[in-house]
Amino acid sequence: MERIESRALAAIRLLDAETLRPVAEPVTLSGEGIRILRNTSGLLVVAAAPGFADYTEHFEPPEIPPPPTPFTLVASDASRRYLDRSFTLVLPRNTTPPPPGQPLPADSVFRPVDVTLYPSPLMRPSVRSAVVRLRVVDAHGKPLSSALVSLTLAVPSIERWGLSNHNGDALIPIAGIPVANWSNPEAPPHFTFSIRAAWAPSSLPPDPDSLAAAFQPLSSTLEIAAGEEVTATIQLTWANP
């Protein structure tokens, strides 16, 4: 009997932005020349990539590994509950086992790469989460797609991100807001969230991890309470498509 050996290049774990739990929906991953398989644990496994044919043929690592190479992948949800996004995966991953008792390094091939998916306005958030619906507009007041927005509460520490769709609409569910402000129990249980945003022109779906490096603070804030829905418009005055 012939034994077939092959090496997986990486495993991708898709996470829901609200719950940070693995996404159960069959989201598609694609990349030029990339072959993706889904394993029994629900992880998306990168089985082949351009320039790595020899590398994947055997379990034993080569004496001279291929040079680090970045690949752009796109996650797409046919149900449209999650917005399309791109991300960069650098191959090969680290194949060196850690010392006994030590955790796997962040770049280990044995550790899944976590990729967060952000909800579209069609998503139904959890019952106890606050729901923030934003219309993001550019310097001219026109709807701005592919913008990344961060809402941050200082105490208790909460930060949530969201992406705007082709209509400039962003949905940001926020779990974990206290039901009361215990420093002043008689006050309304609203908490002040600061706003940051980023945007860059691109022919691909946005890469939130890359956009986050260009976050800019907005002067406006949002007052949000647990379980309520807030609607607002924010303008990115520096965004001029």
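Anything mentioned here points back to the structure above.
Now for a description of the structure that goes with this document. (Residues numbered from 1 in each chain as written. Predicted model: local features only at pLDDT ≥ 70, side-chain atom pairs only at ≥ 80, totals over all residues. Heavy atoms only, no water.)

On to the environment of glycine 42, then. Secondary-structure assignment places glycine 42 in the loop between β3 (35-38) and β4 (44-48). Measuring from C-alpha to C-alpha, the distance between glycine 42 and valine 23 comes to 8.8 Å, with 19 residues separating the pair along the chain. (Helix = DSSP H or I, 4+ residues; strand = E, 2+ residues; numbered from the N terminus.)

Right, let's talk about the sheet that holds strand β5 (residues 69-76) for a bit. Across the sheet, which stays open at both edges, the three strands sit in the order β2-β5-β6 with antiparallel pairing between neighbours. Edge positions in the sheet fall to β2 (28-30) and β6 (85-91), since each of these pairs with one other strand and no more. The sheet shows a mean angle of 30° between the axes of neighbouring strands, taken without regard to direction. When β5 meets β6, the two strands line up antiparallel, connected through seven bridges. Opposite phenylalanine 71, over in β6, you have leucine 89 as the bridge partner. (Pairing = 2+ DSSP bridges. Axes fitted to C-alpha atoms, helices over the stretch in contact; angles between N-to-C directions.)

The next thing to look at is the sheet that holds strand β10 (residues 158-163). The sheet built from four strands is open, its strands ordered β10-β9-β12-β13 with antiparallel pairing. What marks the edges here is a single partner per strand, and that holds for β10 and β13 (216-224). Averaged over all neighbouring strand pairs, the angle between strand axes comes to 25°, with direction disregarded. The sheet contact formed by strand β9 (residues 148-153) and strand β12 (residues 191-198) spans five bridges and is antiparallel. Each bridged residue has a counterpart across the sheet, and for leucine 148 the counterpart in β12 is alanine 198.

What follows covers the side chain of arginine 160. With respect to the helices and strands, the residue arginine 160 is situated in strand β10. For arginine 160, which is buried and forms no salt bridge, the nearest opposite charge comes from glutamate 18, at a distance of 7.7 Å. With residues up to four places along the chain from it excluded, the contact list for arginine 160 reads Ala17, Glu18, Val149, Ser150, Leu151, Ile172, Pro173, Ile174 and Ala175. (Buried < 20%, exposed > 50% of the residue type's maximum accessible area, 1.4 Å probe, protein only. Lys, Arg positive; Asp, Glu negative; His and termini not counted. Salt bridge = Lys/Arg side-chain N within 4 Å of Asp/Glu carboxyl O. Contact = heavy atoms within 4.5 Å.)

Taken as a whole, the largest pocket encloses approximately 310 Å³ of empty space. Taken together, 16 residues line the largest pocket, and the ones lying closest to its centre are Leu83, Asp84, Ser120, Asn165 and His166. Across the lining of the largest pocket, the residue classes tally to seven nonpolar, seven polar and two charged. (1 Å grid on protein atoms, 1.4 Å probe; cavity = no way out; pocket = protein on both sides within 12 Å on 5 of 7 lines; lining within 4 Å. Points joined across faces, edges and corners; volume = space filled by probe spheres on them. Nonpolar A, V, L, I, M, F, W, Y, C, P; charged D, E, K, R; others polar.)

A separate point is the pattern of salt bridges. The tally for this structure, following the rule as stated, stands at seven salt bridges. For glutamate 25, the salt bridge identified is with arginine 81, shortest N-O distance 2.3 Å. With a gap of 56 residues between them, glutamate 25 in the loop between β1 (10-16) and β2 and arginine 81 in the loop between β5 and β6 connect regions that are remote in the sequence. Between glutamate 229 and arginine 133 there is a salt bridge, with its nearest N and O atoms 3.1 Å apart. Linking glutamate 229 in strand β14 (residues 229-235) with arginine 133 in strand β8 (residues 130-137), this pair joins segments that are 96 residues apart in sequence. Bridged by salt links that share partners, the residues Arg85, Asp207 and Asp209 form one connected network.

Everything listed is a geometric property; what it means functionally is a separate question.
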